Amino acid sequence: MDRIDCAKRKIRTVIAGSRVAEDPRHADNTLEWLLRLEPAAGAGLQLAALAHDIDRAIEEVKVKRADFDDYDAFKAAHARHGAELLRPMLSACGVARDMVDEACRLVEVHEVGGDPDADLLKDADSISYFDVNLPLYYEREGWAETKRRSLWGYQRLSSRARKIVAKISHEEETLTRLLREVIREGVR
Ligand SMILES: [Fe+2]
């Protein structure tokens, strides 16, 4: 098997075990959005897209929201831990050292971006939240928390990604209403 395929398979297997219902779909959907935004995305970036939330998949070791006062500090710890988990998985598949370094670096900065590839990953992740995570997040967390999370996510979108999110609609009317509110309030 190809080294990259081996790595993708390993990542998908781990994420399939996540207790967060939206995680498996979100991982593949983030990769799909990445390839829509940038069809020529390199393999390291693709691996990072698939694995960016891998920290959340392993219940015993995952970074817990309750341990942090600050949401951004929690997200930074989540990203750093994801990169730590990913490294040995990629190495075990024989992925070249440079590509391992690049994929792990991107996972570590996926919440904040900062260079063209990291910004693409951040956009793909954020669009995917609105595309596939929103219904399950809402079901679990309710209106107020989902709106807070959505505003946070909307504010980190590039203007290009905001145009894409504006076209997303959900079957459930409540979700479409929430999304409209977020878009209206998030433009500031
Ligand atoms: Fe994500």
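Below you will find a few notes about this structure.

Rules and cut-offs
Residues numbered from 1 in each chain as written. Predicted model: local features only at pLDDT ≥ 70, side-chain atom pairs only at ≥ 80, totals over all residues. Heavy atoms only, no water. Disulfide = S-S within 2.5 Å. Helix = DSSP H or I, 4+ residues; strand = E, 2+ residues; numbered from the N terminus. Buried < 20%, exposed > 50% of the residue type's maximum accessible area, 1.4 Å probe, protein only. Donors = N, O, S within 2.8 Å, 3.2 Å for Na, K, Ca; no water. Tetrahedral: all angles 85-135°; square planar, octahedral: opposite > 155°, others 65-115°.

Turning to the state of the cysteines, a few remarks are in order. Working definition of a disulfide: a covalent bond connecting the sulfur atoms of two cysteines. Overall, the coordinates contain 1 disulfide when judged by the stated rule. A sulfur-sulfur distance of 2.0 Å marks the disulfide that ties cysteine 6 to cysteine 93. Residues cysteine 6 and cysteine 93 are joined through a disulfide that is left-handed, its torsion about the S-S bond being -70°. Pair noted here: cysteine 6 is in helix H1 (residues 3–16) and cysteine 93 is in the loop between helix H4 (71–92) and helix H5 (97–108), with a separation of 87 residues, a long-range link. Like cysteine 93, cysteine 6 is buried. Unpaired in terms of disulfides, cysteine 104 finds its nearest cysteine sulfur in cysteine 93, a separation of 12 Å. On the basis of relative accessible area, cysteine 104 is assigned to the buried category, the value being 4%.

Bringing the coordination of the iron ion into the picture now. Donor atoms from the polypeptide that coordinate the iron ion comprise His26 (NE2), His52 (NE2), Asp53 (OD) and Asp125 (OD), at 2.1 to 2.2 Å from the metal. For the iron ion, the 4 donor atoms are set out with angles of 81 to 172° between them, so the coordination reads as irregular. Look at where the donors of the iron ion fall in the sequence and you get H-x25-H-D-x71-D. Note that histidine 26 is positioned in helix H2 (residues 23–37) and aspartate 53 in the loop between helix H3 (43–51) and H4, a separation of 27 residues in sequence. For histidine 26, a relative accessible area of 2% corresponds to the buried category.

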